[in-house]
Amino acid sequence: MSKLFLASIKENKEIAGSHYILTLSPLTKTIKPQPGQFFMLSVSNGLDPLLKRPFSIFRVSEKHFQILYRVVGKATEILKNKKAGDVIEALGPLGNGFPRIKPNIKPILIAGGVGVAPLFALAESVKYKKPLFFLGARNKKELLCINELRKIRINPVIATDDGSAGLKGTVVDALSAFLTRHSSLVTRHCIYACGPKAMLRELSFLAGKFNIEAYGAFEENMACGVGACLGCMVNTKDGLRSVCKEGPVFPLGEILW
Amino acid sequence: MSKLFLASIKENKEIAGSHYILTLSPLTKTIKPQPGQFFMLSVSNGLDPLLKRPFSIFRVSEKHFQILYRVVGKATEILKNKKAGDVIEALGPLGNGFPRIKPNIKPILIAGGVGVAPLFALAESVKYKKPLFFLGARNKKELLCINELRKIRINPVIATDDGSAGLKGTVVDALSAFLTRHSSLVTRHCIYACGPKAMLRELSFLAGKFNIEAYGAFEENMACGVGACLGCMVNTKDGLRSVCKEGPVFPLGEILW
Amino acid sequence: MVRLKSNLSVNIGKLKLKNPVMTASGTFGYGEEYAGFVDLNKLGAVVVKGLSLNPSRGNPTPRIVETPSGMLNAIGLQNIGIKAFIKDKLPFLKKYDTKVVVNFFGNAVKEYAEAARRLSGESGIHALEMNISCPNKQAGWIAFGTDPKVTFKVVSAVRKATPLPLIVKLSPNVTDIKIMAKAAEDAGADALSVINTITGMSINIKTRRPHLANITGGLSGPAIKPVAVRMVWECYKTASIPIIGMGGIITADDAIEFMLAGAAAVAVGTANFINPKATMDILKGITAFMSKEGINDVKRLIGGVEC
Amino acid sequence: MVRLKSNLSVNIGKLKLKNPVMTASGTFGYGEEYAGFVDLNKLGAVVVKGLSLNPSRGNPTPRIVETPSGMLNAIGLQNIGIKAFIKDKLPFLKKYDTKVVVNFFGNAVKEYAEAARRLSGESGIHALEMNISCPNKQAGWIAFGTDPKVTFKVVSAVRKATPLPLIVKLSPNVTDIKIMAKAAEDAGADALSVINTITGMSINIKTRRPHLANITGGLSGPAIKPVAVRMVWECYKTASIPIIGMGGIITADDAIEFMLAGAAAVAVGTANFINPKATMDILKGITAFMSKEGINDVKRLIGGVEC
Ligand SMILES: Cc1cc2nc3c(=O)[nH]c(=O)nc-3n(C[C@H](O)[C@H](O)[C@H](O)COP(=O)(O)OP(=O)(O)OC[C@H]3O[C@@H](n4cnc5c(N)ncnc54)[C@H](O)[C@@H]3O)c2cc1C
Ligand SMILES: Cc1cc2nc3c(=O)[nH]c(=O)nc-3n(C[C@H](O)[C@H](O)[C@H](O)COP(=O)(O)OP(=O)(O)OC[C@H]3O[C@@H](n4cnc5c(N)ncnc54)[C@H](O)[C@@H]3O)c2cc1C
Ligand SMILES: Cc1cc2nc3c(=O)[nH]c(=O)nc-3n(C[C@H](O)[C@H](O)[C@H](O)COP(=O)(O)O)c2cc1C
Ligand SMILES: Cc1cc2nc3c(=O)[nH]c(=O)nc-3n(C[C@H](O)[C@H](O)[C@H](O)COP(=O)(O)O)c2cc1C
Ligand code: FES
Ligand code: FES
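Conventions adopted
Every chain is numbered on its own, with residues counted from 1 as its sequence reads. Labels follow written order: the first chain is A, the first ligand is 1, and so on. Reporting in this predicted model follows two pLDDT cut-offs: at least 70 for local features of residues, and 80 or more for side-chain atom pairs to be given and counted; totals over whole chains, interfaces and linings ignore these cut-offs and use all residues. The side-chain numbers reported here are obtained from all heavy atoms of the structure, hydrogens and water having been left aside. Strands are runs of DSSP state E lasting at least two residues, helices are runs of H or I lasting at least four, and both sets are numbered from the N terminus onward. Each residue is placed in one exposure class: buried if its accessible area under a 1.4 Å probe, protein chains only, is under 20% of its type's maximum, exposed if it is over 50%, and partly exposed if it falls in between. We call two residues in contact when some of their heavy atoms are within 4.5 Å. For every accessible area listed, the method is Shrake-Rupley and the probe measures 1.4 Å; residues are considered covered only by the protein chains on display. One less than the residue count of a helix, multiplied by 1.5 Å, gives the span that helix is expected to have. Two parts placed together each lose some accessible area under a 1.4 Å probe, and the buried area is that loss summed for both. Criterion for a salt bridge: a side-chain nitrogen of Lys or Arg within 4 Å of a carboxyl oxygen of Asp or Glu. Throughout this description, a polar contact denotes any pair of N or O atoms lying within 3.5 Å of each other; where both atoms belong to protein, one of them has to be capable of donating a hydrogen while the other can accept it, and for residues adjacent in sequence the pair is counted only when both atoms sit in side chains. Strands qualify as paired when DSSP identifies two bridges or more between them. What marks off one domain from the next here is an automatic or database domain assignment. Exposure above 30% relative accessible area and the lack of any salt bridge qualify a residue for a patch; like charges then connect within 9 Å, and the nonpolar side chains Val, Leu, Ile, Met, Phe, Trp and Tyr within 5 Å. Nearness is judged by heavy atoms alone; a residue qualifies as near a molecule or strand once a single heavy atom is within 4 Å of it. Here the term charged refers only to Asp, Glu, Lys and Arg, the term nonpolar to Ala, Val, Leu, Ile, Met, Phe, Trp, Tyr, Cys and Pro, and the term polar to all other amino acids, Gly among them. Interaxial angle, 0 to 180 degrees, is taken between N-to-C directions of lines fitted to C-alpha atoms, where a helix line uses only the stretch in contact. Under this scheme an angle from 65 to 115 degrees is roughly perpendicular, one under 35 degrees roughly parallel, and one over 145 degrees roughly antiparallel; angles in between are oblique. Left-handed is the label given to a crossing in which the near helix is rotated counterclockwise from the far helix by less than a right angle, and right-handed is the label when the rotation is clockwise.

A. How the structure looks around the overall build of chain A. Summing up its helical and strand segments, chain A has five helices and 16 strands in all. Within the span of chain A, comprising 257 residues, buried residues form 57% of the whole. For chain A, restricting intrachain contacts to residue pairs at least 6 apart in sequence, the fraction spanning at least 24 positions comes to 60%. Per element, the accessible surface of chain A, about 11,500 Å² overall, is 50% carbon and sulfur.

Here it is as structure tokens:
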């Protein structure tokens, strides 16, 4: 069950150019979110911006939860100026979250850009499995959470489009190289991904080629977040599915690109 | 000349139920406002509320100026939640302000409700003339600025609609009683007023009867504040006049009611 | 002291509602989606997402984009079809003590009539709302809601096909909504829903592409409220059948404004997305307003504007 | 290194503007009111408040009320009349190196033509904008902007009366703006202004009275932007004369959106009230966008949306 609740801001910290981590304390009891689930947040009490905005759960603790966001437009511009003590309205947790990882399966986590948010949550919850983590960004400056990952003893494989850090190329290229090298082991792997649609598309082909199970967390513009408006549909082999309610996580093999 | 400028909030203090005094520090050099002039203030950077709102100058000091406002709707609800350090945009000073008081003339200041704001500014600037001050409100709780007036040695005559303080009746009734008692002196008086339109109307008849010069500060819904939109017109013997640019202060005798 | 409870019931023709707060089609799914937030028993009526005889896939994404105090949608009337609705969704709604209004559309006069006929046989459906005003359909279809002659024809056909209370949902994308209201009334409509969304467009200046895959979409939300209130008032002065007012209702004050303009009931749309409990808050707010103003029957608000 | 300056000039038919940023009629007074904030020399054009042959008093107050991300106005075309304008206001405008566009209206076809004739004799007036679309006039007048036959007639009459570039300002309160655009073009218009305000209404629920003395008013501001962009795009696809886009432009991004939709120039209205320097900020923003995107001629934006 998802809930509508107020949360007070504990901290709103810039972690890299245009990227912030927001720590929220719900003012009432809420449901503990699972990795891959998300919240819809209101950034204003007025009528502009009007709609709530979806943000993945980045980290959960006893009393707080965090989201990691990138400033891209109207609502995130306002959000970045919020201060500790400000109260905002939230709806969630929403969506299905990543499926439980089966025993004996080694998770491969792969994130592009701010897509690292839900995968960091997943990494924390399965760190005992020592997941592999592939982290991509346009350039070195936009690589997020490397230190946070190292703190939970995950040393990510890095790729940047311009080669300013790690391998030059996309994070899917990096994964492809890895899978090619370790092709005998791949059936014991399962891929969990979040990033731009083009990345998920490439990845689904790659996973198909190696016959590995793969899940991706999708994004679509949203209005309601609860499956009512039909705004956020993706095309799957089973027909149209809502990202907000039936997703955001789908098996990549089910998506019709 | 009026200016568009940013001002930082120094204080935003509740002085009575739903009434606040806002102290602003302009961040750039501005023009010193005159009593009766006003500022248009933005309470949000977003598009709702959209328009700036007009507020009379209540008090001016070297580095700050103050407005006294009543919470009545969308913008004032937002304004009351602003904190010290928040920055807002302002346009002003706007309008003509009260005319200079001639030598040997005794000013009578008369205010209804939040209309006290511009008259307090006027009182401060002419306190050496020991103006008479008539202060009205719906009830005792809504009487504003009595202490502030006493601090500048003005002891206002008070009237409330329900008789909970001072005389029972309107502030115009109170003035009428006074003028009747002192009718031989009235030609050495001049009236300055601000309050609801109905009050200004009554007052204009009273002043006409006693043949006293009288000025009123008017309010109309405003969009531009600079005479461009023609939104805020009042009907005068000289034709339509804009409250924002040609007013807000008009000789009451010129108004066509 | 005995305190009389205020009367909240209103009549939309033969359809009796326990209170004037309805949901707007397409913004409340098939009811289930909001059941965790709203006690459906407390709603005047649930209006479901627009249905057609056959399931429909709607438009590609992006289907939604926000605009100042509003949003554009181009869902394209995606729906599961009447058959699946009756089998999979209606049983859920029947469990509640509320009125179920089925919004529907066709691609031709015959399809409209056929859809109405199919829906009329089912218990648990209390009224039909006929959508002739979706802005996301092709040019030819648009005539159903913009050409009074075509409106008259399609409403007449549906009127013959159903004994249920028939609500016709009007388009704001017209020169004179009074003519459209008259056409629907003359053809036998029992009530009017005013308004559907206004056609709009929004362009991403970086990609130079429209924000919506469908290029244009329907504008809803507070941005359109002044237009909707005006149209409700115009229809109220013209038509003698009840009006359901909608378009940008967020608060109880908005709902009351529509009733004063002439609406006998109101539908809450985009507001559900912002606040899933919006309908309940609006209902509470109307009750509070009535007791504050000493109004004991909500019907006394209808058309109460003094001009 | 020689850096070529980007070209900002655009043509509205025979009217050449140094840049595409104009003011919208009725929101910039007669130019003087904003001269303390804006260097009028830097504007593409100043469009003045609508004038008629005789002075007009307009509507009673309240004339203005805010709505979500918008405002309603019912000024009622108050103006000082053509004679007083030429005597008292035009000399001021002539001092500036900008184009002066005079917005005007009549109460009958003859008055429109007569007004155009009077204005055409004056030096310092570079173009006429014909207002056939004010929502605050009586029902009969509304036909000028909503009935294509009447539009054709009145525009034809004015066309014969003036050699000046003639801009016709269209109403959004129509079923199909394409037909209206065509009627104006066929009658000899040199350009179209799209859009005027949308008719709306707002009610004070405490007093039960409309917020505007005139009951209804015209909705402007960001709330209407999606509708305006859509209509500019529809007109661009239909008409072969240039379009001046307006309706809710607050920022340079908004102005660019209108140009991509098909506008050859833009007019800034309500934004002036919020930020008296809006036109200057928009102009700077367009220049910045062009240099960031490597566009050296602003004309390359016109109609650049990819659908
Ligand atoms: C399930 C889900 C989880 C997400 N998790 C995160 C996260 O953890 N961190 C993060 O930074 N971002 C996340 N996003 C994206 C985030 O919702 C958008 O960046 C945000 O809504 C932009 O709001 P804005 O007002 O600042 O931008 P706008 O001014 O609205 O638009 C700027 C850009 O963002 C796109 N956009 C606008 N609204 C949405 C929307 N509702 N959904 C997706 N894209 C949109 C626009 O198309 C445009 O390109 C997530 C999106 C979804 C659907
Ligand atoms: C020259 C002038 C000086 C003023 N000085 C003061 C002052 O010193 N202190 C003070 O508290 N108020 C003053 N006002 C009134 C103040 O501007 C309004 O109370 C304020 O704009 C309301 O904004 P809102 O968004 O809170 O209310 P809204 O939600 O906009 O409306 C609430 C009520 O206020 C009225 N109102 C809305 N906008 C305006 C407007 N622009 N002008 C007048 N009334 C409006 C509405 O009709 C409605 O009844 C002054 C008004 C003018 C014209
Ligand atoms: C996402 C969405 C989907 C809609 N789907 C339908 C529909 O299927 N049938 C219909 O008649 N109206 C539909 N509408 C229109 C609404 O029912 C309503 O008339 C309109 O949104 C105005 O109300 P609002 O501003 O409160 O949302 C839809 C609106 C939205 C926002
Ligand atoms: C206060 C006001 C007065 C207006 N007066 C006129 C007018 O006299 N003639 C005219 O053609 N349009 C008039 N308009 C319409 C504007 O020129 C413009 O078309 C409309 O406001 C949309 O642009 P905006 O949203 O940028 O304001 C007026 C608009 C406003 C807000
Ligand atoms: S956002 Fe409404 S269905 Fe997903
Ligand atoms: S507020 Fe625009 S003329 Fe006074």
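The discussion continues.
B. Spatial organisation of helix α5 (residues 197-210) of chain B. Residues and elements named next belong to chain B. Look at α5: 20 Å from first C-alpha to last across 14 residues, which is about the 20 Å you get at 1.5 Å a residue. Buried residues along α5 sit in contact with β8 (106-112), α4 (171-181), β12 (189-194) and β13 (213-217). The positive-phi residue at the C-terminal boundary of α5 is Asn211, with phi of around 60°.

C. Looking closely at the interface of chain D and chain C. Each partner contributes residues to the interface: chain D has 44 residues there, and chain C has 44 residues. Three residues, Met201, Ile205 and Arg208 of chain D, lead the burial of chain D against chain C; their summed loss comes to 20% of the area buried on that side. Between the two partners, chain D and chain C, sit zero salt bridges. Linking chain D with chain C are 10 residue pairs in polar contact (both at pLDDT 80 or more). At the level of secondary structure, the elements contributing two or more residues to the side of chain D that touches chain C comprise β11 (198-201), β13 (209-210), β14 (216-220), α6 (225-238), α7 (252-261) and α9 (278-293) of chain D.

D. Local environment of the sheet that holds strand β6 (residues 65-70) of chain B. Residue and element names in this part refer to chain B. Ordered in space as β4-β3-β7-β1-β2-β6-β5, the seven strands form an open sheet in which the pairing is antiparallel. The open sheet is flanked by β4 (53-56) and β5 (59-60), the only strands paired with a single partner. Judged from the six bridges that link them, strand β1 (residues 3-16) and strand β7 (residues 87-94) form a sheet pairing that is antiparallel. Residue pairing across strands places Leu4 opposite Leu91, the latter belonging to β7.

E. Structural view of the domain arrangement of chain A. Residues and elements named next belong to chain A. Split into domains, chain A comes out as domain 1 (4-94) and domain 2 (106-254). On a C-alpha basis, the centroid separation for the pair domain 1 and domain 2 is 22 Å. Between domain 1 and domain 2, the contact holds 19 residues from the first and 23 residues from the second. Of the roughly 1,700 Å² buried between domain 1 and domain 2 on both sides combined, carbon and sulfur atoms contribute 69%.

F. Looking closely at a nonpolar patch on the surface. On the surface, Leu6, Leu27 and Val87 of chain A cluster together into a nonpolar patch covering about 260 Å² of accessible area. Looking at where Leu6 of chain A falls in the secondary structure, it is placed in strand β1 (residues 3-16).

G. Structural view of the site of ligand 3. As a structural note, the neighbourhood of ligand 3 is formed by 23 residues, with Ser25, Lys169, Gly221, Gly248 and Thr270 of chain C the closest of them. Lying at an intersection of chains, ligand 3 is approached by residues of chains A and C. Gly50 of chain C places a polar main-chain atom, nitrogen or oxygen, 3.2 Å from an oxygen atom of ligand 3. Contact distances for ligand 3 include 3.0 Å between an oxygen atom and a backbone N or O atom of Ile195 of chain C. When ligand 3 sits alone it has 610 Å² of accessible area, and the protein chains cover 98% of it. Of the residues assigned to the shell around ligand 3, the class counts are six nonpolar, 15 polar and two charged.

H. Local environment of the pairing of strand β4 (residues 45-51) of chain D. Residues and elements named next belong to chain D. For β4, the buried fraction is high: seven of the seven residues fall into the buried class. Relative to strand β7 (residues 99-104), β4 runs parallel, the two sharing five bridges. In the sheet register, Ala45 faces β7, and the bridge partner there is Lys99.

I. The arrangement of the packing of helix α2 (residues 109-120) of chain C against helix α4 (residues 148-161) of chain C in detail. Residues and elements named next belong to chain C. Across the interface, α2 lies against α4 with an axial gap of 8 Å and an inter-helix angle of 25°. Classed by the angle they form, the pair α2 and α4 counts as roughly parallel. The chirality of how α2 crosses α4 is right-handed. For the pair α2 and α4, contact is made by Val109, Tyr112, Ala113, Ala116, Arg117 and Ser120 and by Lys153, Val154, Ala157, Val158 and Ala161, respectively. Grouping the constituent residues of the contact of α2 with α4 by class yields eight nonpolar, one polar and two charged.

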